[in-house]
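# Observations on the model geometry
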Amino acid sequence: MSAYDKNNVFAKILRKEIPAAPIYEDDRVAAFRDISPQAPTHILIVPKKPIATPNDLTAEDAGLVGHLVLTAQKLAAEEGIAESGYRIVINCNAGGGQSVFHLHLHLLGGRQMHWPPG
Ligand code: AMP
């Protein structure tokens, strides 16, 4: 479990205290473009609920996680990468490459992805 810092950068974007390039928003999630894109499409999808890492999800978040993935699916179609393919990534903690401690999905596409990831 991780303590949630309410002043992390995504919390500030959700509160509209700092700008982002918004893509989509509803009552449970928001999506905006990554400031340092690693692919032609690189969108971050975040829950509005303050959750620091995947370790902090509980059974009551199952519907929210499903909604995050379905939002990624919808945005992939809108970005025109559904058929060519895309990758959904969730990093967890330092060893997983997480640098912002508000749960987020990366939606990456528009180029060939490689395996294993770096
Ligand atoms: P992670 O390393 O999985 O925690 O991903 C954090 C992502 O947030 C990185 O890809 C950063 O480029 C991105 N990021 C950091 N600050 C901002 C910001 N102000 N607006 C949009 N994306 C950001």
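Preceding this paragraph is the structure being described.
Below or above, wherever it landed, is the structure these notes cover. (Residues numbered from 1 in each chain as written. Predicted model: local features only at pLDDT ≥ 70, side-chain atom pairs only at ≥ 80, totals over all residues. Heavy atoms only, no water.)

### Some words on the environment of Pro 47
The test is simple: Here a helix means four or more residues in a row that DSSP labels H or I, a strand means two or more in a row labelled E, and each is numbered from the N terminus. Throughout, exposure labels follow a simple rule: accessible area from a 1.4 Å probe, protein chains only, divided by the maximum for the residue type, with under 20% read as buried, over 50% as exposed, and the rest as partly exposed. Any pair of residues with heavy atoms lying within 4.5 Å of one another is described as a contacting pair.
Mapped onto the elements of the fold, Pro 47 is located in strand E3 (residues 41–47). Pro 47 sits in the buried class, given a relative accessible area of 0%. For the pair Pro 47 and Lys 16, spaced 31 residues apart in sequence, the C-alpha separation works out to 15 Å. Filtering out sequence-adjacent residues up to four positions away, Pro 47 remains in contact with Leu 14, Arg 28, Val 29, Leu 64, Leu 68, His 102 and Leu 103.

### Examining helix H2 (residues 62–79)
Spelled out, the test is: The span one expects for a helix is its residue count, reduced by one, times 1.5 Å.
For H2, with 18 residues, the first-to-last C-alpha span of 26 Å sits near the 26 Å given by 1.5 Å per residue. Inspection of H2 places Leu 64, His 67, Leu 68, Thr 71, Ala 72, Leu 75 and Ala 76 among the buried residues, and these make up the whole buried set. Where H2 is buried, its residues touch strand E1 (22–25), strand E2 (29–33), E3, strand E4 (86–89) and strand E5 (105–109). A positive phi of about 75° marks Gly 80, the residue just after H2.

### Section: the site of the ligand
For clarity, the threshold we go by: We define proximity as follows: a residue is near a molecule or strand when any one of its heavy atoms falls within 4 Å of that partner. Whenever two N or O atoms come within 3.5 Å, that pair is a polar contact, provided that in protein one can donate a hydrogen and the other can accept it, and provided that, for residues adjacent in sequence, both atoms are side-chain atoms. Per-residue accessibility takes into account occlusion by the displayed protein chains alone, with areas from the Shrake-Rupley method and a 1.4 Å probe. In this classification, the charged set is Asp, Glu, Lys and Arg, the nonpolar set is Ala, Val, Leu, Ile, Met, Phe, Trp, Tyr, Cys and Pro, and all remaining amino acids, among them Gly, are polar.
Lining the immediate environment of the ligand, one finds 16 residues, of which Asp 34, Asn 91, Gly 97, Ser 99 and His 106 sit closest. Contacts to the ligand include Gly 97, whose backbone N or O atom sits 2.8 Å from an oxygen atom. In isolation the ligand has 510 Å² of accessible area, and contact with the protein removes 83% of it. Those elements that place two or more of their residues in the shell around the ligand are helix H1 (9–14) and E2. The class makeup of the residues in the shell around the ligand is 7 nonpolar, 7 polar and 2 charged.

### So, the nonpolar core
Inside soluble globular proteins, nonpolar side chains tend to come together where they are buried. To be explicit about the condition: What is meant by a nonpolar core is a set of buried Ala, Val, Leu, Ile, Met, Phe, Trp, Tyr and Cys residues, joined one to another through side-chain atoms within 4.5 Å.
One finds Ile 43, Ile 45, Leu 68, Leu 75 and Leu 107 to be the most contacted residues of the largest nonpolar core, which totals 14 residues. At the level of secondary structure, the elements contributing two or more residues to this core comprise E2, E3, H2 and E5. A total of 5 residues in this core trace back to one element, the largest contributor, which is H2. If we skip the residues at most four places from it in the chain, Ile 43 touches Ile 23, Ala 31, Phe 32, Arg 33, Asp 34, Leu 75, Glu 79, Leu 105, His 106 and Leu 107. Of all hydrophobic cores here, the second largest spans 7 residues; its members include Phe 10, Ile 13, Ala 30 and Val 46.

### As for the sheet that holds E2
The test is simple: Any two strands between which DSSP finds at least two bridges are classified as paired. Here the axes come from fitting lines to C-alpha atoms, over the contacting stretch only for helices, and the angles between their N-to-C directions go from 0 to 180 degrees.
The strand order across the open sheet built from 5 strands is E1-E2-E3-E5-E4, with neighbouring strands paired in antiparallel fashion. Where the open sheet ends on each side, the last strands, each with one partner, are E1 and E4. Going from strand to strand, the sheet's axes swing by 20° on average, the running direction of each strand aside. Pairing geometry for E3 and E5, over 5 bridges, is antiparallel. Bridge pairing in E5 links Thr 41 to Gly 109.

By themselves, these observations are geometric and do not establish any function.
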